[in-house]
Amino acid sequence: VLGPLPEDGRGTVRIVDADGEERSLLVRQIAFAGGRSPSPELLPTALRRQLPRMTTLGTTVTRPDVDAPYAEASMIESVPEGWLWWLPLSTGQVWIGLHCDPDEMKARGPGRHFDAALAHARGPAAACRGDYDEVDEAGPPAPYPGYFAASTPRLLDTPTSVLLAGDAASTLDPLVGGGIEKALVSGEHAAVSINTLLSRPQLRDLALAHHRQFEARLWDEQAQRTMRRYLEEPRYSDHPFWAERHAQVRVQIEATPDPSHFPERLRMHPSLRELPALMRRGSELVETKGFALPHSDETLATLGRVPLAPLMDQLSRHPKVDGLLDRSARDARLYLVSRGQVLRAVTELLDRGMSVAVREGDDRG
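What you see is a predicted model; the values in this text were computed from it and never measured. Residue indices begin from 1 for each chain and proceed along its sequence in written order. Note on the predicted model: pLDDT of at least 70 is required for a residue's local features to be given, and 80 or more for side-chain atom pairs to be given and counted; whole-chain, interface and lining totals, by contrast, use all residues. Values shown for side chains rest on all heavy atoms present in the structure; no hydrogens or waters enter the calculation.

A. View of the pairing of strand β7 (residues 82-88). Counted residue by residue, β7 has 5 buried out of 7 residues, so it is predominantly covered. In terms of strand pairing, strand β6 (residues 75-79) meets β7 through 5 bridges, oriented antiparallel. Looking at the pairing, E77 lines up with L84 of β7. Any two strands with at least two DSSP bridges between them are considered paired. The numbering of helices and of strands both runs from the N terminus, where a helix is a DSSP run of H or I of at least 4 residues and a strand a run of E of at least 2. The turn linking β6 back onto β7 is made up of 2 residues. Where β7 lies against strand β8 (residues 93-100), 7 bridges are found, and the strand directions are antiparallel. Its bridge partner lying in β8, L87 is registered against W95. With antiparallel pairing between neighbouring strands as the criterion, β7 and β8 make up a hairpin whose turn holds 4 residues, including G92 at a positive phi of roughly 90 degrees. Burial classification: accessible surface area is computed with a 1.4 Å probe over protein chains only, and a residue below 20% of its type maximum counts as buried, one above 50% as exposed, and the rest as partly exposed.

B. Representation of the sheet that holds strand β9 (residues 147-150) within the structure. Taken in spatial order, the 5 strands make up an open sheet running β6-β7-β8-β5-β9, and their pairing is antiparallel. Each having just a single partner strand, β6 and β9 make up the two edges of the open sheet. Between one strand axis and the next, the sheet turns by 20 degrees as a mean value, whatever way the strands run. Residue contacts are counted whenever heavy atoms from the two residues lie within 4.5 Å of one another. For helices, the fitted line uses only the C-alpha atoms of the stretch in contact; every axis is such a line through C-alpha atoms, and the angle between N-to-C directions lies from 0 to 180 degrees. Packed on one face of the sheet, helix α3 (residues 110-120) meets β5 (55-62), β6, β7 and β8 and runs near 105 degrees to β8.

C. Structural context of helix α4 (residues 179-199). A helix is expected to span 1.5 Å for every residue after the first. Taking 1.5 Å of rise per residue, the 21 residues of α4 would be expected to cover 30 Å, and the 30 Å separating its terminal C-alpha atoms lies within 8% of that figure. Listed as buried for α4 are K182, S186, H189, A190, V192, S193, T196 and L197. The arc enclosing the buried residues of α4, seen along the axis, measures out at 165 degrees, which places them on a common side. Relative to its buried face, α4 has exposed residues pointing more than 90 degrees away, namely I180 and L184. Next to the buried residues of α4 lie β11 (163-164), α5 (204-231), β13 (273-281) and β14 (284-292). Note that the arc is defined by the directions from the helix axis to the C-beta atoms.

D. Summary view of the nonpolar core. Counting 22 residues, the largest nonpolar core has F291, L311, L349 and M354 as the members making the most contacts within it. Secondary-structure elements contributing two or more residues to this core are α7 (308-317) and α9 (339-352). In this structure M354 touches R267, M268, H269, L272, F291, A292, L293, L300, M312 and L349, once residues within four positions along its chain are discounted. Among the buried residues, those of types Ala, Val, Leu, Ile, Met, Phe, Trp, Tyr and Cys that are joined through side-chain atoms within 4.5 Å form a nonpolar core.

Functional significance is not addressed by these values, which are geometric in nature.
Rendered as structure tokens:
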């Protein structure tokens, strides 16, 4: 593909085929699934959010003689330098990856940094560390790892109307083990969005915005899981990799409100707006009623499997929280969702500020 891609996300695209012949294609919609680092000459992107920076060093070695439980099992181990991923391969070899802080790695050098992590390992990766007890910082450079890549979990966007899919839209920290799930869920949603773009061109702008919001919500959920996982390792808080993550956990997670109980009465935020939104029906997206707060870049029509319109109707007619689940169960529009899902949706509405407690003496309640 010869760039740049059309900013409108459709139109003429120039390509070079396998024989070197240049041709032009007239496309109805471009979906870009070109990996985590698209060429800016092909497609401009903008960073929306990211977790602390991370670099991955890796190497493939002949599987050493280790205890049986580790022979075929993937294993994650934390070390002062970051975390090690021991991954047996079907070839009889093992891939060992170190996910680490890029500045600390550059200061020490990739080879020495990788060796230092192996020296601190207590799992099966320790069998690959060589014949030494401590890393000799003044000695000759250790062998360079065979794999080196920037691996910071990022959420990307594009100022164009190209639909981003896969790693081009967002990347996760492999520590939470959600990569395959994310690929499947994100890929399916991209396909549904593309179906809608092609079959319902009048919904094009909404469909593109809906897919961006979907990727952002998916990334935010995984980012929260990732940072909580890092908080489970308290031993290395004075080392750069862990110190930066623990500090960000305190800012992003511990400061997040988590109400332990609901107010007696709730109502919609007085500034909440009703806006057109999309929700999935089969293999396409259809238009429905959505809700957004002022200055929000996200319009919600559902929370999980719970459609918001009937839930908002319930809060408008009956602000008392007591009995809300029973009333929702009798609403045909909420019949197929569980009480637990409704409860989580009400909690999230309160957390997001889309619903607020009715103060005593408030006549609007």
